[in-house]
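A structural walkthrough
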Amino acid sequence: AKQHSRLAPAHYEAAKRAIVDRRYADTVQRCQQADQELVNAVALSQRARVGERRGVWDHSGLGLYPGNWDQTCRELRKAGITDLYVNLLWAGKAHYPSKIVPRSRTFEDYGDQAAACVKAGRRHGIRIHAWKVCWNLAGASASFLAKLEKAGRLQVTEQGETIPWLCPSRADNVQYEVGAIREGARQYPVGGIHLDYIRYRDSRVCCCESCRRGFARDSGLQTHPWPKVLRTSKTRAAYNKWRCGRITHLVRETRNVLRETAPSAELSAAVFGKYPQCIDSVAQDWHLWLERNYVDSICPMNYTPDPGRFRAWLTAQTALPGVDGRILPGIGVTANESRLDPVQVIEQIRTVRQLGQPGYILFDLNQTLATESLP
């Protein structure tokens, strides 16, 4: 680190001389070299934590090199990554030969991604977590969506618009989701199941007839006129609590399924970081899941380029009672909400370590992450 920090000023002085001589390309090059030396110095001055969990989310479900999971896992292991969360299963598509969920174009083009990544992960000592997108039917075929809509299984907004999300209040949708998770856990020896979109889209869904009947039955409140009655504060508060119960039900059922089929597999969930606001906004009471041991860890998506905001969010999350070091914060290296350079990534990792959490997860596995931050 000291050697790199000594080299940076030399490049900077050379850059100043180059700009005087109007050698502008040389100026830019020298500044870039000075910057890189400082980045290297910062990186090399960090103290690694023994036993730290270093995860990466893989949204594509294909790794860095489609068709070559071995190379992806080899490079991740070399970079110190311990856990890989692979997006293998959505509500409307699976990247492996599922008999429950329609098979994806990824499976048709590249084959069984679950088998391939699990095999490569074992070879290179990386735990593979099957990333399950719940309820959200993005990427599902038009015919599959039409079938679900006809059966009344999709969510409905307050304005009566049907959206491509399964309604959590319907028993057939819950059985479908749980069945898909059970199938995958039985078929593939993954290190864990990782729940994503384990929530509603927003605060204004779902207002379908199944939700009305279920809410009326469980709450004993008047539901007419529906959904206008939700505009009253008392009914809205009761409905928000009822919605949380629907989401928590799937989390609890997933835990029960894993106890039966894969007792050694961990259960984690990617969640909105602002708690308790996420209870009313998307019906996601993730602190309750931790308190009741429905999940082993929570991964709040703390995507921000602001180091102060990242620290404030994580401080609030770790201060909740009963968390007990089970927070694995998500760092948005290339998220929509944040684009982080390597030093910003390092700074957020330092915050995670300082606040005593067991590790972190980087979003997302792509060439930017692989070439800029992982080295």
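Let me sum up the structure you'll find in this document.

A look at a nonpolar patch on the surface
The grouping of Ile19, Val20 and Tyr24 at the surface amounts to a nonpolar patch, some 330 Å² of accessible area in total. Residue placement: Ile19 occurs in helix α1 (residues 2-20). Among the residues examined, Ile19 registers a relative accessible area of 46% and is labelled partly exposed.

A look at the pattern of salt bridges
Inspection of the entire model under this criterion finds 22 salt bridges. Arg54 is the partner of Glu52 in a salt bridge, and the nearest nitrogen-oxygen pair spans 2.9 Å. Judged on exposure class, the residue Glu52 and its partner Arg54 are both buried. Its salt-bridge partner being Arg127, residue Asp83 comes within 2.7 Å of it at the nearest N-O pair. Residue Asp83 is located in strand β2 (residues 83-89), and its partner Arg127 is located in strand β3 (residues 127-133); the two are separated by 44 residues in the primary sequence. By relative accessible area, which is 36% here, Arg127 ends up partly exposed. Connected through salt bridges with shared partners, the residues Arg53, Asp83, Arg127 and Glu266 form a single ionic network.

Some points on the sheet that holds strand β8 (residues 297-300)
Taken in spatial order, the eight strands of this open sheet run β8-β7-β6-β3-β2-β1-β12-β9, and their pairing is parallel. Each end of this open sheet is capped by a strand with a single partner; those strands are β8 and β9 (330-332). For this sheet, the mean inter-axis angle between neighbouring strands, taken without regard to orientation, is 30°. Note that strand β6 (residues 192-196) and strand β7 (residues 266-271) share four bridges and pair parallel. What sits directly across from Ile193, in β7, is Leu267. The sheet strands contacting helix α7 (residues 171-187) are β2, β3 and β6, and the helix crosses β3 at an angle near 165°.

What to know about the packing of helix α8 (residues 209-219) against helix α9 (residues 233-261)
Put simply, α8 and α9 touch, their axes get as near as 11 Å, and they point 105° apart. Between α8 and α9, the angle falls in the class roughly perpendicular. Between α8, through Cys211, Gly214, Phe215 and Asp218, and α9, the contact on the second element is made entirely by Thr235, Ala238, Tyr239, Trp242 and Arg246. Taken together, the residues of the contact of α8 with α9 sort by class into five nonpolar, two polar and two charged.

Describing α8
Among the residues of α8, those classed as buried are Ser210, Cys211, Arg212, Gly214 and Phe215. Looking one or two residues beyond α8, the residue adopting positive phi is Gly220, at roughly 75°.

Examining the environment of Trp135
Along the chain, Trp135 turns up in the loop between β3 and α6 (142-150). Trp135 gets classed as buried once you look at its relative accessible area, which sits at 0%.

What about the pairing of β7?
Across the six residues that make up β7, a large majority, five, are buried. Where β7 meets β8, four bridges bridge the pair, whose relative direction is parallel. If you follow Ala269 over to β8, its bridge partner there is Ile298.

Digging into the packing of aromatic side chains
Describing an aromatic ring pair means giving the distance of the ring centres and the angle of the ring planes. Enumeration according to the criterion identifies 11 aromatic pairs in this entry. Relative to Tyr188, the ring of Tyr96 lies with its centre 5.3 Å away and its plane at 70°, an arrangement referred to as edge-to-face. Here Tyr188 lies in the loop between α7 and β6 and Tyr96 lies in the loop between β2 and α4 (105-110), a separation of 92 residues in the sequence. Residue class for Tyr96 comes out buried when judged on its relative accessible area of 4%. Geometrically, the ring pair formed by Trp165 and Tyr197 is edge-to-face, given 5.7 Å between the ring centres and 65° between the ring planes. Taken together, the residues span a long stretch of sequence, with Trp165 in strand β5 (residues 162-166) and Tyr197 in the loop between β6 and α8 at a distance of 32 residues. For Trp165, a relative accessible area of 7% translates into the label buried. Feature note: the residues Phe215, Trp226, Tyr239 and Trp242 constitute an aromatic cluster, connected by ring pairs.

Basis of the calculations
- Residues numbered from 1 in each chain as written.
- Predicted model: local features only at pLDDT ≥ 70, side-chain atom pairs only at ≥ 80, totals over all residues.
- Heavy atoms only, no water.
- Patch = residues over 30% accessible without salt bridge, like charges linked within 9 Å, V, L, I, M, F, W, Y side chains within 5 Å.
- Areas by Shrake-Rupley, 256 points an atom, 1.4 Å probe, with all protein chains shown as cover.
- Salt bridge = Lys/Arg side-chain N within 4 Å of Asp/Glu carboxyl O.
- Helix = DSSP H or I, 4+ residues; strand = E, 2+ residues; numbered from the N terminus.
- Buried < 20%, exposed > 50% of the residue type's maximum accessible area, 1.4 Å probe, protein only.
- Pairing = 2+ DSSP bridges.
- Axes fitted to C-alpha atoms, helices over the stretch in contact; angles between N-to-C directions.
- Contact = heavy atoms within 4.5 Å.
- Parallel < 35°, antiparallel > 145°, perpendicular 65-115°, else oblique.
- Nonpolar A, V, L, I, M, F, W, Y, C, P; charged D, E, K, R; others polar.
- Phe/Tyr/Trp six-rings, centres within 6.5 Å; stacked < 30°, edge-to-face > 60°.

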